[in-house]
Amino acid sequence: MVQKWQHWNNSSVKWLWILVIIGLVASLPIAFDRTKTESTSKNVEFVFNYRNLIDIASYQPHPQDYIKQQLQLLKDAGIGSVAVYQSNLSELQKSQRLNVYNSVDVANLQNQVIPQNENFTYVQFTSEENAQLLEPVLQRVYNSLGIPVVPWSFKGLPGVVIQTSADEAGLKPLDPDPITMRMLHNMGFQIVPRLNDSLPYDQNRMNGLLSQFAEYGVKTILFDGESVTGFTDDIEKKSIANFATLLNQHGIGIAAIENLKKPQTGFSKLAYLMDYNVVRLYSLSESDSKLDPYTVADRFALAAKDRNIRMMYINLAVSRDTTKAQMTNSIDNVIKSLQTEGHAIQNIESHGFKIGPASAMDVSHSAFNKYFKLIVLIGAIAYIALLVSYFVRRFTLIVFVLGLVGSAGMILIHQALILEQGIALLAAISAPTIAMIYAVRKVDRLYETRHQLSLSQRVIQAVILFIRTSLWSLTGALFIIGLLNDITYQLVINQFRGVSLLHFAPIALIAVYIAFYRGKQSFGIGGIRKVLTTPITLTWIIVLGIVGIVGMYYLSRTGNAGTVTPLEMHFRNALESLLGVRPRNKEFLMAHPLFILGVFIAAKYRHAIYIMIIACIGQLSMVDTFAHIHSPVHISLIRGLLGMGLGLILGLVAVIAWQILERCWKKWLPLLRKS
């Protein structure tokens, strides 16, 4: 029975490879649909934070004139949109729309006795026009909260009394300033409102607000705070669904902010109900707006080109400069980054984008995609089973069958999302690992015929093996694309979890294979017993310590949280400027050259095969590039191919350097022994 089962396992390998190939073919139309989707949104929109401009203007001798002057300069620089927050009494006072007093202030102004049992908020509008536009806003908001608002006037100017304390009244968010919106609209700016979830959700009030936005041509809104508008009342009022209905009726989309510490609560549900009428947004922080113009421009260009981001949100900084004894801001620096020094807009346009209002991607989805995805899923499970076969052959069929049964079960209990991510991750691990196993086997065969190989043949074999292994590894990318082709990944509403395992697992598996499986069908119980009974020496402890430190450093440099030195950042920027797409440093500077050098040396010196463990980093890194699903497919492919090309060149340089060192060593070694 055991022999029969082993025969079935051996026979299944051929059929599993056929399933893998069929899965790869099925992934191609899915990849085509994704590239079509990514090509549908080509407008890049620059948005600046109007609240920052109000803060800066408050330090100027003529605030209103300053605001209009800077608005024109920003518009001329290419910024076509303005983010307008929900206003409050403090902001309206800074904008000189009104003045705010408490009961004590008013008593002093009117030479009256300070009231003993009154703590109200007195609002005086600075003009009749302001009163006509703003009083209805105050009445609507405060009355909806059960706070009475009654008319009041002082020195011929109209006002209102809000019957709550000034501190309490100042906390309540109002509608965006209608005077500001009208002014910005008349100047030709696109308005991007920022709404919060501070007040109880009111469908009628929201409908009126969105109708006003639609009149001003608003296309996208942005949320301010930790949740979307309506989230707090969603359980009781189904407010997110109602809000989504209104947004759809008015044709208004929403923006997803990149790299938030925590996604805005309720965003994924709202996006789903809006059929993903969502654009991604990069936010330039106040501190980053003071960086040199080239760096700022580079960040904008990379966001558009490499991360499918279509809205660039600009925060402006204002600070006290004691060395110059004046208030400073970053407006001029931002303008330089867009035009005269950084040329951000020119750079973005050179990559085929247009400057204008951003729009959501038009999802291309073939009617047969779900069938293609099912075939890709089966092919991915076959790939995973094949990986198992190189370590524990007897479990090959078991893994494949369990994979199919488990997948069917996950689909039945509506856990397809977890299933797709898990299978995609394991397939992504399998591809570079299997490719490297075949590379190791090829190197062993080269070593066996080492006396028949000339120097040029070793070089040619190293180059051919590198190219073949790299292309083989990239098949893992097709399974990622085929299984995770969903707009939620491209918008980073859903994220590919567990990718850190991809950074480590292939390295560990290749290390195990090289150490224990070369020339054997399986490790076996005897091999395990041998390892467990091997004495641990100080040398082993030191080696394991070094491996642990290097591993921690490698993982710290990996992923979105990885850090780089300033020197490396300058090098990256230089590569980006030179090549248009920056290949990964760890691929072309380290792993790929080590692959070619390792094959070249190991074909002559057997123990040099351990270099291939480090070289594995380059193979998994190419697959990992496609795990960043928010990056366009063609950018990820170009990045991988550039890394291969540059790595090949540096690998040949490393081979030449090795030959020089080897010949010098052979020449000098006898002299050293004599001395």
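Check the entry above for the structure.
Structure report, in brief. (Residues numbered from 1 in each chain as written. Predicted model: local features only at pLDDT ≥ 70, side-chain atom pairs only at ≥ 80, totals over all residues. Heavy atoms only, no water.)

**Thoughts on the packing of helix H16 (residues 369-389) against helix H20 (residues 475-483)**
Across the interface, H16 lies against H20 with an axial gap of 9 Å and an inter-helix angle of 140°. By the criterion of interaxial angle, the relationship of H16 to H20 is oblique. Between H16 and H20 lies a crossing of left-handed hand. For the pair H16 and H20, contact is made by Lys373, Val376, Leu377, Gly379, Ala380 and Tyr383 and by Thr475, Phe479, Gly482 and Leu483, respectively. Among the residues making up the contact of H16 with H20, the classes are represented as six nonpolar, three polar and one charged. (Axes fitted to C-alpha atoms, helices over the stretch in contact; angles between N-to-C directions. Helix = DSSP H or I, 4+ residues; strand = E, 2+ residues; numbered from the N terminus. Parallel < 35°, antiparallel > 145°, perpendicular 65-115°, else oblique. Left-handed = near helix turned anticlockwise from the far one by under 90°. Contact = heavy atoms within 4.5 Å. Nonpolar A, V, L, I, M, F, W, Y, C, P; charged D, E, K, R; others polar.)

**Quick notes on helix H19 (residues 455-473)**
Here H19 spans 27 Å end to end across 19 residues, near enough to the 27 Å set by a 1.5 Å rise per residue. Looking only at H19, the buried set comprises Arg458, Ala462, Val463, Leu465, Phe466, Thr469, Ser470, Trp472 and Ser473. (Expected span 1.5 Å × (residues − 1). Buried < 20%, exposed > 50% of the residue type's maximum accessible area, 1.4 Å probe, protein only.)

**Quick notes on the nonpolar core**
Counting 84 residues, the largest nonpolar core has Trp17, Phe496 and Phe595 as the members making the most contacts within it. Element by element, the count of residues in this core is highest for helix H18 (residues 416-448), at 16 residues. Excluding residues within four positions of it along the chain, Phe595 makes contact with Met436, Ala439, Ala462, Leu465, Phe466, Thr469, Met612, Ala615 and Gln619. Listed in part, the 70 residues of the second largest apolar core include Tyr50, Ile54, Leu74 and Met206. (Core = buried A, V, L, I, M, F, W, Y, C linked by side-chain atoms within 4.5 Å.)

**A look at the pairing of strand E2 (residues 81-85)**
Two faces belong to every sheet, and in a regular strand the side chains alternate between them. Burial analysis of E2 places five of its five residues in the buried class, the great majority of the element. By the bridge criterion, three bridges tie strand E1 (residues 43-49) to E2 in an arrangement that is parallel. Within the sheet, the bridge partner assigned to Val47 lies in E2 and is Ser81. Where E2 lies against strand E7 (residues 190-195), five bridges are found, and the strand directions are parallel. Note on E7: the bridge partner recorded for Val82 is Ile191. (Pairing = 2+ DSSP bridges.)

**Points about the sheet that holds strand E5 (residues 149-154)**
With antiparallel pairing, four strands are arranged side by side in an open sheet as E3-E4-E6-E5. If you trace the sheet from one side to the other, it starts and ends with strand E3 (98-102) and E5, each paired once. The mean inter-strand angle of the sheet, taken between neighbouring strand axes irrespective of direction, is 25°. In terms of strand pairing, E5 meets strand E6 (residues 157-162) through six bridges, oriented antiparallel. Bridging from a neighbouring strand, Pro151 pairs with Val160 of E6.

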